[in-house]
Amino acid sequence: MAHINEEFLKLQKNYLFADIAKKVNAYKTAHPDKKVISLGIGDVTQPLAPAVIEAMHKAVDDMATKEHFHGYGPEQGYLWLREAIVKNDYEARGIHLDPCEVFVNDGAKSDTGNIGDLLSQDNTMAVTDPIYPVYIDSNVMGGRAGVFENGRWSNVTYMSCSEENKFVPQIPDHRVDMVYLCYPNNPTGMVIAKDELQKWVDYALAHNAIIFYDAAYEAYIQDDDIPHSIYEIPNAKKVAIEFHSYSKTAGFTGIRCGYTIIPKELTATTKDGKCVEVAQYWDRRQCTKFNGTSYISQRAAEAIYSSEGKKQIKQTINYYMENARILRKSLTELGLTVYGGENAPYLWVKTPANTPSWKFFEEMLNGAQVVCTPGVGFGLAGEGFIRITSFGDRNDCIEAMARIKKWLNK
Ligand code: PLP
């Protein structure tokens, strides 16, 4: 009989979104006359930009003719898209990359989850708490997380992000090999300043560590002095891999396209101390396990870099950020303490009187028919918070705020 990889047996059941759905469905069944508004979802709601739609139609037409048909593409992505990424997302910020350092993917989830394939099982790792769960779970699958005790993995260093430290994670006082950072952050909606990011790069340089920098929400940054890429920090190319996603930048959650940057300067060592370039092994992995993102998705991604495309995706981002502004203002006026939502589509809201996250979730569902995400679902440090997203429809956001106001009796 075949043996299972027992690391998978260690995974905790992913209760968060399943539990939310169960509770919401139970409520809807018991109260069929009530309209429930979800501010919990992390999915986008607005349609694709017209420039993207046009490019996709054209790509479909290409597939209909013998001359322009595209079968398997390069595993790393088409050169025209990799060049557009370098030109628009990096050179425009003074960062020089070779298109060979860009690996187009089918969204950031795959690569943030798979990147651990490149690193030895005995590496140590650090994550912020709260956290996007993929970073931890993929390392559990990879046999790196240790044992689960009291809500935490024994081999993982958790860097708590709380009101006390203004959501700035404390750099570990010991050596770790792998560090996961996500800015703008899901779920807290907080950003990192250049000088703080510089400290992480310095730490990684000093300890030969690798930073996995998830920039999935960089397009939501509004303040000019907040870094969009870790490569804005000198020498970061030696220590950081960066992940990007078009999901939230351009509404591609259903299209599937993103990219990962692995600079040629980034190295890791073998057990006997030999330095090896990481990018070549990622390339090798992708050629073995990934057959490329679809031609149609890549043409769609290319279109967001056209002048029309840029304007159109900015309009949608502005729409979501206006939602965030409305939500932030309304919740603050109700006396709630709100973080995030200024450079990110997420608001991290402190529950009143330290109400546990799940209890507040249930009370708000019952009292206002508004759904949020309990913060503790993202890690122990999320207890006492809820996450609210600005990806909903404007009218729903406004109505949800009016209902919460009434419910809280303000
Ligand atoms: N990284 C973070 C922090 C996310 O929140 C998400 C999606 O919600 C992803 C990555 C995955 O995005 P994609 O749709 O590109 O797989």
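Here the residue numbers are simple positions, counted from 1 along each chain's written sequence. Totals for whole chains, interfaces and linings use every residue, but because this is a predicted model, local features are given only for residues with pLDDT of at least 70 and side-chain atom pairs only at 80 or more, for both listing and counting. Hydrogens and waters are ignored; side-chain quantities use all the structure's heavy atoms.

## Section: the layout of surface pockets
Okay, so step 1: Using a grid of 1 Å spacing that covers the protein atoms alone, one calls a set of points a cavity when a 1.4 Å probe fits there but cannot get out, and a pocket when the set is open and has protein on both sides within 12 Å along at least five of seven lines; lining residues are those with an atom within 4 Å of a point. Grid points are joined across faces, edges and corners, and a volume is the space filled by probe spheres set on the points. One number sums up the size of the largest pocket: a volume of about 1200 Å³.
Okay, so step 2: If you go around the largest pocket, you meet 43 residues; those closest to its centre are Asn-14, Tyr-132, Pro-133, Gly-377 and Phe-378.
Okay, so step 3: For the purposes of this entry, the term helix denotes a DSSP run of H or I that reaches at least four residues, the term strand denotes a run of E that reaches at least two, and both are numbered from the N terminus. Secondary structure elements with two or more residues in the lining of the largest pocket: α1 (15–30), α4 (108–114), α5 (134–141) and α7 (246–250).
Okay, so step 4: Note on residue categories: nonpolar means Ala, Val, Leu, Ile, Met, Phe, Trp, Tyr, Cys or Pro, charged means Asp, Glu, Lys or Arg, and polar means any other residue, Gly included. Residues belonging to the lining of the largest pocket are distributed by class as follows: 22 nonpolar, eleven polar and ten charged.
Okay, so step 5: For the lining of the largest pocket, the two domains that each supply at least three residues are domain 1 (8–47 + 310–408) and domain 2 (52–307).
Okay, so step 6: What the second largest pocket holds in volume is close to 600 Å³. As used throughout, domain bounds are those supplied by an automatic or database domain assignment.

## Here we look at the UniProt feature "modified residue: N6-(pyridoxal phosphate)lysine" (unreviewed entry) in the protein
Okay, so step 1: UniProt feature "modified residue: N6-(pyridoxal phosphate)lysine" (unreviewed entry): in the numbering of this structure it lies at Lys-248.
Okay, so step 2: With respect to the secondary-structure elements, Lys-248 resides in helix α7.
Okay, so step 3: Contacts are assigned to residue pairs with any non-hydrogen atoms lying within 4.5 Å of each other. Excluding residues within four positions of it along the chain, Lys-248 makes contact with Gly-42, Val-44, Ala-216, Tyr-217, Tyr-220, Thr-253, Tyr-346 and Phe-391. UniProt positions are given in the numbering used here, feature names are shortened, and annotations may be inferred rather than shown by experiment.

## Looking at helix α3 (residues 79–90)
Okay, so step 1: Its twelve residues place the ends of α3 16 Å apart at the C-alpha level, agreeing with the 16 Å of an ideal helix rising 1.5 Å per residue.
Okay, so step 2: Among the residues making up α3, those that are buried are Leu-81, Arg-82, Ala-84, Ile-85, Val-86, Asn-88, Asp-89 and Tyr-90.
Okay, so step 3: For α3, the secondary structure elements touched by its buried residues are β2 (102–105), β9 (240–245), α7, β10 (258–261), α9 (295–303) and α10 (307–333). What a helix should span is 1.5 Å times the count of its residues minus one. Buried, partly exposed and exposed residues are distinguished by accessible area as a fraction of the type maximum, computed with a 1.4 Å probe on protein chains only: under 20%, between the cut-offs, and over 50%, respectively.

## Some words on the environment of Met-190
Okay, so step 1: By the element assignment, Met-190 lies in the loop between β7 (178–182) and α6 (194–207).
Okay, so step 2: In this structure, the C-alpha to C-alpha distance between Met-190 and Met-321, residues 131 residues apart in sequence, is 14 Å.

## Comments concerning empty space enclosed by the protein
Okay, so step 1: Evaluated as defined, the whole model comprises three cavities of 30 Å³ or more.
Okay, so step 2: If you add up the space inside the largest cavity, you get close to 90 Å³.
Okay, so step 3: Around the largest cavity, the lining is made up of 15 residues, and of these Pro-47, Thr-249, Ala-250, Gly-251 and Thr-316 lie nearest the centre.
Okay, so step 4: Going through the elements one at a time, α7 and α10 are the ones with two or more residues in the lining of the largest cavity.
Okay, so step 5: When residues of the lining of the largest cavity are assigned to their parent elements, the largest contribution, five residues, is made by α10.
Okay, so step 6: Per-class residue counts for the lining of the largest cavity are nine nonpolar, five polar and one charged.

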